[in-house]
Amino acid sequence: MSLKSGRAATGVCAAAALALLVPACSSDDDGDKKDKTSDLSAQKISDKAKQELLDATSVHIKLEEKGTDAEKDDPASMDLTLDRDGNCTGKLTFAAGGGSADLVKRGDKVWMRPDSAFWKNQVPGGDGAAAAELFKNRYIHGSTSDPLLKGLSEVCDLKKLQKTVDEDSDDDRDKLKKGDVTTVDGTKVVPLTSTEDGKEKTLYVASEGRPYLIRATEKGDGEDKTTTLSDYGDPVPTKTPSAGESVDIAKLQEQLQKT
C-alpha cells in the first residue's frame, strides 16, 4: 500500500495565509498613534491590525472552514501555535470525515499523530485500518526532508503567512465600514466590514491596548470561514513527543512496502 501525497496540507496553508481579509496598508500617517483604536477610521484600524500581524514573532491561529463541496483531502479546521522559526504545535482536521492529525514541529524535526479516519483516507486499497491499528496513538517521526511530513509541516511557516498578507492588496479598502465596539471571546473589538463578490467579510480588531486582529470571518457564495488569532508573541511550547510515543517514518515506509 502507499500513502497519498501531502497535498491536503497545502490547502490548509493557503486557507490559513490570511490573504483573508486584511487590506493593504495605506502609506499616509495622520499622527494618530496616541488615539484610541475605536476612534480611528476603518482603514487606519485595518492598517494597524495588519502591521501587528506582520510584526508578530508567534501567534495562535484557529481556522474553521465550512463548505458544501469540501472533500476528504480539504482542510476543515486547524488549531496551531506557530512562530517565525517554523516551530509549531497543534492539530489539523480534514473535511468530510477525512480525519485529523496532531502535529509538532521543532526546527526540521516533525511529529505527526493521525487518527484512524486519517489513515483510512490517506492509505488507499483497504489497508488504512491495518495502518491505524499498527500505529495507534503514536506519532510518526521524521524530518522535513520526507515529502509527507514536509507537506503537512508547511502550515508551520509563519513567515510565509506574513509574506502572503504583506503582498496581498485590496483595491476596495476604502469600502471598509466601522461598526460599534462589541466583544469577541471577552475582548473588546471594533468590527470592520466589507462586501466583495457576494461575500461578506468582517475583521474584529482589539479596541483597547495593541490593535491585534482577534477574529476574521468570510461568508457567502458557499463559503463560511472563521479565523481566530490570539497569544501574539507567546512562545511555541518546546515539548516534543518522547521516543516511546513515536515511530520513525522509516518503519512506516517499510510497513507500507510490505502490504
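Every value quoted in this text rests on a predicted model; they were computed, and no experiment measured them.

Engineer: Describe the state of the cysteines, with residues and values.
Structural biologist: In this structure the tally under the stated criterion is 1 disulfide. Here Cys88 is linked by a disulfide to Cys156, with a sulfur-sulfur distance of 1.9 Å. Of this pair, Cys88 sits in strand 3 (residues 88-94) while Cys156 sits in the loop between helix 5 (147-153) and helix 6 (158-167), and the two are 68 residues apart along the sequence. With a relative accessible area of 1%, Cys156 lands in the buried category.

Engineer: So what's going on with the packing of aromatic side chains? Which residues, and what values?
Structural biologist: Between two aromatic rings, the relevant description is the distance of the centres plus the angle of the planes. Tallied over the entire structure, the rule returns 4 aromatic pairs. Taken together, a centroid distance of 4.0 Å and an interplanar angle of 10° make the contact between Tyr212 and Tyr232 stacked. Taken together, the residues span a long stretch of sequence, with Tyr212 in the loop between strand 10 (199-206) and strand 11 (213-220) and Tyr232 in the loop between strand 12 (223-230) and strand 13 (246-248) at a distance of 20 residues. For Tyr232, a relative accessible area of 11% translates into the label buried.

Engineer: Go over unusual backbone geometry with me, naming the residues and quoting the values.
Structural biologist: Of note, Asp185 is a non-glycine position whose phi angle comes to about 50°, a positive value. Note that Asp185 resides in the loop between strand 8 (182-184) and strand 9 (187-196). Although it is not a glycine, Asp231 sits at a positive phi angle of roughly 55°. Here Asp231 lies in the loop between strand 12 and strand 13. What makes Asp231 partly exposed here is its relative accessible area of 41%.

Engineer: Which residues make up the confidence of the model for the protein chain, and what are the values?
Structural biologist: Averaged over every residue, the pLDDT of the protein chain is 83; the share at 70 or more is 79%. Put simply, helix 1 (residues 7-16) is where the protein chain has its lowest mean pLDDT, 41, and strand 8 is where it has its highest, 97. Note that residues 5-17 has pLDDT below 50 and, in this model, 29 contacts with residues that lie over four places away or in other chains.

Engineer: Tell me about the nonpolar core, and name the residues and values.
Structural biologist: Counting 47 residues, the largest nonpolar core has Leu92, Met112, Trp119, Ile140 and Leu192 as its most contacted members. When residues of this core are assigned to their parent elements, the largest contribution, 5 residues, is made by helix 2 (residues 42-55). Excluding residues that lie within four positions of it along the chain, Met112 makes contacts with Ala101, Asp102, Phe118, Arg138, Tyr139, Ile140, Leu148, Leu149 and Leu152.

Engineer: Could you give an account of the side chain of Asp146, naming the residues involved and the relevant values?
Structural biologist: With respect to the helices and strands, Asp146 occurs in the loop between strand 6 (139-143) and helix 5. In terms of polar contacts, Asp146 uses its side chain to reach the backbone amide nitrogen of Leu149, at 3.2 Å. If near-sequence neighbours (up to four positions away) are discounted, Asp146 is found in contact with Ile249 and Gln253.

So, how was this worked out
Residues numbered from 1 in each chain as written. Predicted model: local features only at pLDDT ≥ 70, side-chain atom pairs only at ≥ 80, totals over all residues. Heavy atoms only, no water. Disulfide = S-S within 2.5 Å. Helix = DSSP H or I, 4+ residues; strand = E, 2+ residues; numbered from the N terminus. Buried < 20%, exposed > 50% of the residue type's maximum accessible area, 1.4 Å probe, protein only. Phe/Tyr/Trp six-rings, centres within 6.5 Å; stacked < 30°, edge-to-face > 60°. pLDDT = per-residue confidence, 0-100. Contact = heavy atoms within 4.5 Å. Core = buried A, V, L, I, M, F, W, Y, C linked by side-chain atoms within 4.5 Å. Polar contact = N/O pair within 3.5 Å; in protein donor to acceptor, adjacent residues only side chain to side chain.

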